[in-house]
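In case you want the letters, here they are:
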Amino acid sequence: MPKHHRPAGKKKEGNAAKYITRTRAVNYLQVSLAIFRRLCILKGIFPREPKKKVEGNHKTYYHMKDIMFLFHDPLLQKFRDIKAHAKKVKKAKAQKNKDLEDRLLDRAPKYKLDRLVSERYPTFIDALRDLDDCLTMVHLFAALPAAEGERIQVQRIHNCRRLSHEWQAYISRTHSLRKTFISVKGIYYQAEVEGQKITWLTPHALQQVLTDDVDFNVMITFLEFYETLLGFVNFKLYHSINVKYPPILDPLLEAIAAELYALCRYIAAQPRTSSVDSLPITSGEDGQPGLEKLDMQTEESELRLAQLQHQLPTNEPGALMHLVEDSKAEDEDIDVETKECKNLFKNFKFFLSREVPREALLFVIPAFGGAVSWEGDGSPFRESDDGITHQIVDRPTQGHIFLSREYVQPQWIFDCINARIILPTEEYLVGRIPPPHLSPFVDNEAEGYVPEYAETIKRLQAAAKKKVLPMPGLENQDLNDPQTLLVKGIVDRTEANETAEKKRKLMMLEKQFHDELNMELQGIAYSSLKNKNLDSTVDNAKEDTITPTEEPEDLSQLTMSRKKRKLYEAMKIGQERKKDKVKLLHERKKNAEASKKD
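Residues numbered from 1 in each chain as written. Predicted model: local features only at pLDDT ≥ 70, side-chain atom pairs only at ≥ 80, totals over all residues. Heavy atoms only, no water.

The name given to the chain in an unreviewed UniProt entry is Pescadillo homolog, with Zingiber officinale as the source organism. According to UniProt, the comment filed for the chain under the heading Sequence similarities (unreviewed entry) is "Belongs to the pescadillo family." The UniProt entry for the chain carries this comment under Function (unreviewed entry): "Required for maturation of ribosomal RNAs and formation of the large ribosomal subunit." (UniProt positions renumbered as here; feature names shortened; annotations may be inferred.)

And the structure:
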C-alpha cells in the first residue's frame with residue numbers, strides 16, 4: 001500500500017478538510033441561511049478563498065475553524081430559541097388564543113452582544129481602528145425618517161441619533177476634529193482619537209426615502225452590532241474626561257426645545273467620577289459596569305428624549321455639543337495640533353441663518369473654538385448681539401444687515417478648517433461664486449497637479465507662519481540652475497559664477513564615471529581611457545546631454561524576470577496615464593481662463 005494512500009470514507013486532508021462550502025456549513029449548524037448570514041455578520045466571519053477549490057469555483061467557502069467557532073457560540077442557541085418562539089406565537093395567533101399570545105410576547109427570548117464586542121476587540125485601540133464603518137452606518141440611519149409603519153423601528157433610529165450626537169459632542173469638546181470635506185455623497189469628517197485617525201461620512205440634511213433595492217435586513221444586522229460597539233466606545237470616552245455616561249437631559253429644557261444647556265446642568269449637579277482606566281471596555285453577559293446599570297436608571301429619560309426627537313424634525317447635535325464640559329486642563333497634556341485647532345475660531349462668534357446646514361456647523365465650529373448660535377428658542381445669543389463677528393448665510397439678499405459683522409457663505413468655515421488659518425472673506429461674500437472647495441484628503445504634490453487656489457492657500461499659510469517661499473513661477477528644479485537664480489535676482493553674479501563652476505566640475509566627473517562604466521562593459525582596457533584629454537571633456541560637458549538612467553535601466557530590465565518586467569511595464573503605463581491626466585487638467589485650466597477673458 002502506498003505511503004499516502006487514504007481509503008475511501010476516511011478522514012479528509014488538505015483543503016478538503018480546512019474549508020467547507022456555505023451549503024454544508026448551513027446544514028452542519030442546522031440553521032437557515034438568514035440566521036447563518038446573521039451569525040457571520042455579528043461574529044465577524046467572512047468567506048475565504050482557498051488555493052484549490054475542491055467542489056468548484058462557483059461556490060462560497062468558509063474556513064472550518066470559523067464554522068466550529070460558530071458551532072460553539074451561545075448565540076446560536078439563542079437564535080434557535082427565537083425561531084421556536086416565533087412558531088409558538090404564530091400557532092397561538094392562528095388558534096385565536098389571545099391570552100397565550102400575549103404571554104408569549106411578554107416572555108420573548110432576548111440576547112446581548114456585549115460579549116461579542118469583547119471578543120472581536122480585545123483592546124480599546126482595536127475598537128477605534130474599526131470605527132469608520134460603524135460611524136458611517138450609525139449616522140446614515142440617524143438621518144432616516146422616524147415614522148411608524150416603516151421597515152425600520154423608530155426606537156432604533158432614535159438610538160442612532162443619540163449615539164451620533166454623543167460622539168459628535170465628545171469630538172467637538174475635545175477638539176479632535178482634523179479634516180472636513182463637503183461632497184455629493186455627504187460630508188466627510190476625520191478625527192484623531194487616542195492617536196487613531198477615524199474617518200466617517202454623514203449624509204446631507206435632506207428627506208431620505210427608503211428604496212426597495214436595498215436589503216435592510218442585512219444592514220440592520222450590521223447596525224445592531226455597531227450600536228453596541230459605539231455605545232461602549234462613547235462610554236469609555238466620556239469616562240476618560242470624567243463625565244458620567246449616558247447623559248440625561250433636563251425635561252424642562254426638553255419641553256422648550258433647549259437641549260443646549262440640559263447636559264451642562266446635569267454634569268454640574270452630578271459628582272465627578274475618577275478615570276475608568278481600570279474598567280474594561282466590555283464585560284460578559286453576567287454584568288457590564290457601564291451601560292447595563294445606567295440603562296436601567298435612565299430608561300425614562302431616554303424615552304422622553306426619543307419622544308422629543310420624534311416631535312422635532314431637526315434634532316440638533318448642538319444639544320450635546322456645548323453640554324459635555326471640557327474637563328481636561330487647558331494646557332495640560334495637549335499636543336500642538338489640538339491647540340492649533342482649539343484656537344482657530346477662539347475670538348469669533350457665529351450666527352447661523354435658517355437656510356444653512358445647521359447640524360454640520362454646530363458640530364465643526366465649537367470643535368475649533370468658536371461660539372455659535374442660531375434662530376430659535378434655547379439659542380445662546382440672539383441675532384442682534386453686538387459681539388457676533390460672522391453671520392453664515394446662503395441667500396443672495398438679506399433683510400437687515402449689521403455693519404459690525406461679516407456675512408459669509410458656509411464654505412468659508414470648512415475651507416478655514418482645512419487650511420488651519422483664517423482665510424480672507426472677500427471671495428466668500430454673499431452673492432459671489434466661492435472658490436473651488438478643495439479636498440484635504442488628496443495630496444496634490446503626489447497627484448502631480450496643484451490647483452491655483454491650493455497655491456494661494458499655501459502662501460497664506462506661509463505668511464501666517466512667517467516663512468519665505470520661492471517666488472511665483474520659480475519651480476523646484478530651477479533652484480539648482482545658477483543662471484535662473486541670477487535672472488530672478490535671488491543671488492548676485494559672483495555667487496552665480498561660483499555655483500556654475502562647481503556644477504561644471506560635477507558634470508565632468510559624472511561623465512567620466514559613466515564613460516568608465518561603459519568601457520568596462522564593452523571590455524576596453526582602463527588605461528586607454530587615461531589618454532583622453534580631460535579638457536575636451538570639460539568643453540563638451542555643457543553640450544552633451546547626460547542620461548545616466550537610460551542604460552542602467554535597460555540593463556536592469558534584461559535581468560528582470562517576466563513577472564517583474566510585466567509589473568514594471570504596468571507601473572510605467574500608470575505613470576503615463578497620470579501625466580496625461582495632469583496635462584488634461586492644465587488644458588482645461590487654460591481653456592477656462594481663455595473663456596473668462598473672452
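> Would you mind going over the overall build of the chain in detail, with residue names and values included?
Regarding its fold elements, the chain presents 27 helices and nine strands. Going through the 598 residues of the chain one by one, you find that 37% of them count as buried. The long-range share in the chain, meaning contacts at least 24 apart out of those at least 6 apart in sequence, stands at 64%. In the structure as shown, the chain presents an accessible area of about 36500 Å², 52% of it carried by carbon and sulfur atoms. (Helix = DSSP H or I, 4+ residues; strand = E, 2+ residues; numbered from the N terminus. Buried < 20%, exposed > 50% of the residue type's maximum accessible area, 1.4 Å probe, protein only. Contact = heavy atoms within 4.5 Å. Areas by Shrake-Rupley, 256 points an atom, 1.4 Å probe, with all protein chains shown as cover.)

> I'd like a rundown of the sheet that holds strand E9 (residues 406–408), residues and numbers included.
In sheet architecture, strand pairing relies on hydrogen bonds along the backbone and comes in two forms, parallel and antiparallel. Strands sit in the order E7-E6-E8-E9 across an open sheet of four strands; the sheet is parallel. Two strands close off the open sheet at either side, each with one partner strand: strand E7 (371–374) and E9. Each adjacent strand pair in this sheet contributes to an overall mean axis angle of 25°, direction not counted. Sheet strands in contact with helix H18 (residues 358–367) are strand E6 (349–352), E7 and strand E8 (390–392), and its direction is about 160° off that of E7. (Pairing = 2+ DSSP bridges. Axes fitted to C-alpha atoms, helices over the stretch in contact; angles between N-to-C directions.)

> Describe the packing of helix H3 (residues 33–43) against helix H11 (residues 216–240), listing the residues and the values that go with them.
Axis separation between H3 and H11 bottoms out at 9 Å; the angle between their running directions is 35°. Relative to H11, the crossing made by H3 is right-handed. Taken together, the residues of H11 that come into contact with H3 (itself represented by Arg37, Arg38, Ile41 and Leu42) are Val218, Thr221, Phe222, Glu224 and Phe225. Across the contact of H3 with H11, the residue classes break down as five nonpolar, one polar and three charged. (Left-handed = near helix turned anticlockwise from the far one by under 90°. Nonpolar A, V, L, I, M, F, W, Y, C, P; charged D, E, K, R; others polar.)

> Would you mind going over a nonpolar patch on the surface in detail, with residue names and values included?
A contiguous nonpolar surface patch, about 300 Å² in accessible area, is contributed by Phe513, Leu517 and Leu521. Considering the arrangement of structural elements, one finds Phe513 in helix H23 (residues 493–522). (Patch = residues over 30% accessible without salt bridge, like charges linked within 9 Å, V, L, I, M, F, W, Y side chains within 5 Å. Salt bridge = Lys/Arg side-chain N within 4 Å of Asp/Glu carboxyl O.)

> Explain the sheet that holds strand E3 (residues 177–182) residue by residue, including any values.
The antiparallel open sheet is built from three strands, whose spatial order is E3-E4-E5. The strands lining the two open edges of the sheet, one partner per strand, are E3 and strand E5 (196–202). Averaged over all pairs of adjacent strands, the angle between strand axes in this sheet comes to 15°, irrespective of strand direction. As defined by bridge partners, strand E4 (residues 187–193) adjoins E5 across seven bridges and the pair is classed as antiparallel. When the bridges of E5 are listed, Gln190 appears paired with Thr199. Sitting on the sheet, helix H10 (residues 154–173) is in contact with E3, E4 and E5, with an inclination near 60° to E4. Where helix H19 (residues 411–419) meets the sheet, its contacts fall on E3 and E4, and the angle it forms with E3 comes to roughly 135°.

> Give me helix H5 (residues 74–94): which residues, what numbers.
In a regular helix each residue adds 1.5 Å, so 21 residues correspond to 30 Å; H5 covers 31 Å between its end C-alpha atoms and thus fits that length. Buried within H5 are the following residues: Leu75, Leu76, Phe79, His85, Val89 and Ala92. Looking at the packing, one finds that the buried side of H5 touches helix H2 (22–29), H3, helix H4 (64–71), helix H6 (98–106) and helix H7 (114–120). Capping the start of H5, Asp73 holds a side-chain oxygen 2.8 Å from the backbone nitrogen of Leu75, two or three residues further along. Two residues or fewer after H5 comes Lys96, characterised by a positive phi angle close to 55°. (Expected span 1.5 Å × (residues − 1). Polar contact = N/O pair within 3.5 Å; in protein donor to acceptor, adjacent residues only side chain to side chain.)

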